[in-house]
Amino acid sequence: MAMGIPVYQLAAQSGVHRNTLSLSPAAPGVQRYLNEALRVLEAAYELCGDMQTALRWYRAEPLATFRLLTAETLVIRGRSKDVLDYVESLGAGAFG
């Protein structure tokens, strides 16, 4: 397990075959996905101060701004920059 998810799920989210994770964990697709996911998780952690809460938010919180998609789904779809901007706006508060 990585990031609290099974290897097959991580492979699917990275857009690679599950064997790629064990045979070639440095594959560009794997590294790109992990880098983006960890950047978003780090930003969420900095905002809330608790990794379990950040993971729960990343995985399960429907974001109204993004048509109720989760941060995880947005990262999978290549929209980590949008999620990072969103988290930054939350941290800035109502007056940005």
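J.: Would you mind showing me how to read the overall build of the protein here?
T.: Assigned secondary structure in the protein consists of six helices and zero strands. Secondary structure elements of the protein, listed N to C terminal, follow the sequence α-α-α-α-α-α. Its C-alpha atoms give the protein a radius of gyration of 14 Å, near enough to 12 Å, the size a compact globule of 96 residues would have. A principal-axis box enclosing the C-alpha atoms of the protein has dimensions of 50 × 25 × 20 Å.

J.: Which parts of the structure should I look at to understand the nonpolar core?
T.: Within soluble globular proteins, side chains that are nonpolar tend to cluster in buried spots. Ranked by size, the top nonpolar core spans 26 residues in total, and within it Tyr 33, Val 40, Trp 57, Tyr 58, Leu 63, Ala 71 and Val 83 carry the most contacts. Of all elements in the fold, only α1 (7-14), α3 (28-48), α4 (51-60), α5 (71-76) and α6 (80-92) reach the threshold of two or more residues within this core. A per-element tally of this core places α3 first, with eight residues. Filtering out sequence-adjacent residues up to four positions away, Leu 63 remains in contact with Trp 57, Leu 68, Leu 69, Thr 70, Ala 71, Leu 74 and Tyr 86.

Here is what the cut-offs are and how they apply
- Residue numbers here run from 1 along each chain, matching the order of that chain's written sequence.
- Given that the model is predicted, a residue must reach a pLDDT of at least 70 before its local features are reported, and side-chain atom pairs must reach 80 or more before they are shown or counted; all residues, however, enter totals for whole chains, interfaces and linings.
- No hydrogens and no water enter the side-chain calculation; it runs on all heavy atoms of the structure.
- Here a strand is any run of E in DSSP of at least two residues, a helix any run of H or I of at least four, and the numbering for each starts at the N terminus.
- We compute the radius of gyration over the C-alpha atoms and compare it with the globule rule, which gives 2.2 Å times the number of residues raised to the power 0.38.
- Take the buried residues of types Ala, Val, Leu, Ile, Met, Phe, Trp, Tyr and Cys, join any two whose side-chain atoms come within 4.5 Å, and each joined set is a nonpolar core.
- Per-residue accessibility, obtained with a 1.4 Å probe over protein chains only, is compared with the maximum for each type, and a residue is labelled buried under 20%, exposed over 50%, and partly exposed between these values.
- Whether two residues touch is decided by their heavy atoms; if any such pair falls within 4.5 Å, the residues are in contact.

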